[in-house]
Amino acid sequence: MTANNRIVLSSDHSAIALRQVIAAHVEALGWVAVDIGPMTPESTPYPQHGEAAARRVASGDCRFGIILCGTGQGIMMAANKVRGIRCGVCGDTFSARMIRQHNDANMIALGARVIGEGLALDIVDAFLTAPFDGGRHAPRVAMIDALEG
Ligand code: RB5
C-alpha cells in the first residue's frame, strides 16, 4: 500500500448501495474510504459526481478513486475530462488488473446496473492490488497524458 491510503468514492443515484458496500470493503482492507456521496436517493447527474471524485485524485488528496453510475460509462467519461485522471470502466477482473499494470489508471468506474456485488468487490480487489508495470508502458501512459495539452 502506498503512503496515501485514501480512496475517494462517488456515484450517482443508481449506485448508492453498491458504493457503500465497496466503501466498507476497502476500509476492511485497510484503506481510508472518502465517500463523498450522494447519501440520499434523489436523481442526480453523474458528471458532477465524477468530476468531484476526480478532483480529489488529481489534487493528490486521494490515491485512487472508485466511481459508479448505472453503466459506469457516463461517470468515467466525466472523470477523464479532469487533467491527470486515467479512469476505465471495468466489468471483469482481468481489465481491472490491466488498467493498473499497463495504463497506470488512478480511477476505476463500475456499472451498478451491470455487475453484482460479488464481482464488483473482486474487481476492486484486482484494481487495488495490481502495481503499474512501468517499463514500455510508461511512455505510452505519458502519451495519454500529453493529449491533455
Ligand atoms: C442514470 O439513469 C444513468 O444514465 C447513469 O447512471 C449512467 O448509467 C450513465 O452513464
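Residues numbered from 1 in each chain as written. Predicted model: local features only at pLDDT ≥ 70, side-chain atom pairs only at ≥ 80, totals over all residues. Heavy atoms only, no water.

1. Describing the packing of helix α1 (residues 16–28) against helix α5 (residues 117–129)
Our working rule: A fitted line through C-alpha atoms serves as each axis, taken over the contacting stretch for helices, and the angle formed by two N-to-C directions is quoted from 0 to 180°. In this description a helix means any DSSP run of H or I spanning at least four residues, a strand means any run of E spanning at least two, and both kinds are numbered starting from the N terminus. Our angle categories are set so that under 35 degrees counts as roughly parallel, over 145 as roughly antiparallel, 65 to 115 as roughly perpendicular, and the remainder as oblique. Crossings are sorted by hand: turned counterclockwise from the far helix by less than a right angle, the near helix makes the crossing left-handed, and turned clockwise it makes it right-handed. The contact rule is simple, with two residues in contact once any of their heavy atoms fall within 4.5 Å.
Two elements in contact, α1 and α5, have axes whose closest approach is 10 Å; the angle formed by their N-to-C orientations is 45 degrees. Judged on the interaxial angle alone, α5 and α1 are oblique. Every pair of crossing elements has a handedness; the one defined by α1 and α5 is right-handed. On the side of α1, the interface is formed by L18, V21, I22, H25 and V26, while α5 contributes E117, A120, L121, V124, D125 and L128.

2. Details of helix α4 (residues 93–101)
We count it as follows: Only protein chains enter the calculation, and the probe is 1.4 Å; a residue is then buried if its accessible area is under 20% of its type maximum, exposed if over 50%, and partly exposed in between. Counted as a polar contact is a pair of N or O atoms within 3.5 Å, where, for protein atoms, one must be capable of donating a hydrogen and the other of accepting one, and residues adjacent in sequence contribute only when both atoms are in side chains.
Turning to α4, its buried residues number three or more, namely A96, M98, I99, R100 and Q101. On its buried face, α4 sits against β3 (64–69), β4 (87–89), β5 (107–111), α5 and α6 (137–146). Its side-chain oxygen at 3.2 Å from the backbone nitrogen of F94, D92 defines the N-terminal cap of α4.

3. Description of the pattern of salt bridges
Applicable threshold: Salt-bridge detection follows one rule: a side-chain nitrogen of Lys or Arg within 4 Å of a carboxyl oxygen of Asp or Glu.
Enumeration according to the criterion identifies 7 salt bridges in this entry. The residue D104 makes a salt bridge to R100 at a minimum N-O spacing of 2.9 Å. The exposure classification of D104 matches that of R100, with both residues buried. In the salt-bridge network here, residues are joined through shared partners; they are R86, R100, D104 and D145.

4. Comments concerning the side chain of S11
In this fold, S11 is placed in strand β1 (residues 6–11). Reaching out from S11, the side chain makes a polar contact with the side chain of R19 at a distance of 2.8 Å. In this view, S11 contacts I16, R19, G37, P38, H49, L68 and I75; residues no more than four positions away in its chain are not counted.

5. With respect to α5
Applied cut-off: Every helix has an expected span of 1.5 Å times one less than the residues it contains.
If you check α5, its first and last C-alpha atoms are 18 Å apart, about what 13 residues at 1.5 Å a residue would give, namely 18 Å. Residues of α5 that are buried sit in contact with β1, α1, β3, α4 and β5.

6. Some points on the sheet that holds strand β2 (residues 32–35)
Adjacent strands of a sheet pair through backbone hydrogen bonds, lying either parallel or antiparallel. For the record, the criterion: Strands are labelled as partners when DSSP assigns at least two bridges between them.
If you walk across this open sheet you meet the 5 strands as β2-β1-β3-β5-β4, and the pairing is parallel. Of all the strands in the sheet, just β2 and β4 have a single pairing partner and so form its edges. The average undirected angle you get between the axes of adjacent strands in this sheet is 20 degrees.

7. So, the site of the ligand
Note the following rule: By convention in this text, a residue qualifies as near a molecule or strand provided that one of its non-hydrogen atoms is within 4 Å of it. Note on residue classes: Ala, Val, Leu, Ile, Met, Phe, Trp, Tyr, Cys and Pro are nonpolar, Asp, Glu, Lys and Arg are charged, and everything else, Gly too, is polar.
Close contacts around the ligand come from D12, H13, S14, Y46, C69, G70, T71, G74 and R113, and that covers them all. A distance of 3.4 Å separates an oxygen atom of the ligand from a polar atom in the side chain of S14. One nitrogen or oxygen atom from the main chain of G74 is found 3.0 Å from an oxygen atom belonging to the ligand. Residues that form the shell around the ligand fall into these classes: 2 nonpolar, 5 polar and 2 charged.

None of this, on its own, says anything about what the molecule does.
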